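In case you want the letters, here they are:
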Amino acid sequence: MKSFCIIFLLILFVGVFFFYPYKKDLENKEKENHLEKNSQSQEVVNPQEDPFVLALKKEKYYIEEYLHRYLSYSENKEISASMVIQNVNSNLDKEKYLDTEKTDISVDNLMLVNKYYYLTDDFEPDDLVVLSSKYNSGANSKMRKEAAEHFMEMSDAALLDNISIKNASGYRSYQYQVDLYNRYVERDGKEAADTYSARPGYSEHQTGLTSDINIIDDSFEKTAAFRWLQDNSYKYGFILRFPKDKEHITGYKYESWHYRYVGKKVAKQIHEEDLTLEEYYAFYVRNK
Ligand SMILES: [Zn+2]
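Keep in mind that what you see is a predicted model, and the values were worked out from it rather than measured. (Residues numbered from 1 in each chain as written. Predicted model: local features only at pLDDT ≥ 70, side-chain atom pairs only at ≥ 80, totals over all residues.)

(A) Looking closely at unusual backbone geometry. With phi around 60°, N76 is a residue other than glycine that occupies positive phi space. With respect to the helices, strands and loops of the structure, N76 is situated in the loop between α3 (67-74) and α4 (81-89). Look at N162: it is not a glycine, yet its phi comes out positive at around 60°. Looking at where N162 falls in the secondary structure, it is placed in the loop between α5 (145-160) and β6 (167-169). (Helix = DSSP H or I, 4+ residues; strand = E, 2+ residues; numbered from the N terminus.)

(B) Just the pairing of strand β7 (residues 210-213), in detail. Here β7 shows two buried faces, one formed by T210 and D212 and the other by S211 and I213. Bridge analysis of β6 against β7 gives two bridges, and the strand direction is antiparallel. Counterpart to S169 in the pairing with β7 is D212. Where β7 meets strand β9 (residues 255-261), three bridges bridge the pair, whose relative direction is antiparallel. Following the sheet pairing, D212 is matched in β9 by H258. (Buried ≥ 20, exposed ≤ 12 C-beta atoms within 10 Å, placed from the backbone. Pairing = 2+ DSSP bridges.)

(C) Examining the packing of helix α2 (residues 51-58) against α4 more closely. Where α2 contacts α4, the two axes come as close as 9 Å, and the packing angle between them is 60°. The orientation of α2 relative to α4 falls into the category oblique. Here the hand of the crossing between α2 and α4 comes out right-handed. Here F52, A55 and L56 of α2 come into contact with α4, specifically with A81, V84 and I85. Considered class by class, the residues forming the contact of α2 with α4 number six nonpolar, no polar and no charged. (Axes fitted to C-alpha atoms, helices over the stretch in contact; angles between N-to-C directions. Parallel < 35°, antiparallel > 145°, perpendicular 65-115°, else oblique. Left-handed = near helix turned anticlockwise from the far one by under 90°. Contact = placed C-beta atoms within 7 Å. Nonpolar A, V, L, I, M, F, W, Y, C, P; charged D, E, K, R; others polar.)

Shape descriptors only; they carry no functional weight alone.
So this is what it looks like as structure tokens:
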């Protein structure tokens, strides 16, 4: 009996000693296999990318279709991902007045006219209305119907706060812009004229959705009417089109008097997200 016990203990000892490490080894191998499989499946879903590409993709206004443009624009530049997106979405990687395309007028109140999008010489809105002298003080008194109605609504609301808001220049035809632009070029030269006046076809005034308000010069910024518009214009569907800190995007010097009708909903969003129409158009109109 005693020897039987000793043999039994011996077998037990040998078993534990020899087979336990072998089992452990098998377990480890299994674990390794599992990890390998996991990392393989992760690679398929989330390929390893350039950190800059990942940074671009995290940006709110990233447009997948523009990835190659973002990358070629940022090449050899010290520039943040958000600036690359802001600039490329606004077409700054293209040549002004050269790399252009026709404005998509089917988007109606959201049509974009700037140094990259133009209206043809025969474009004239078919719903222009004339603003009465209660709402108008200049020679170009026409605006598109919906824009004019909201302009009057805005002017009436301002009047309740003892603020006078009148259109000083609304719709301007292609031919009008030809004459205006040529006059400026004669006076200041082409390069200077391009910073403050649009070339024919490239003027937003041709849309019939734009109004220069009260005084067409920098002194307008010092008036109570300007401050009122800062707080309220978006409530009536109008945005300050060429803001101070966005000159590089819009391609125009800051114009405190130039407003653009985009509709109430869009104006509110543009106001809240602090966007230009260029940025809004790229991400929310063209991208959809
Ligand atoms: Zn203007």
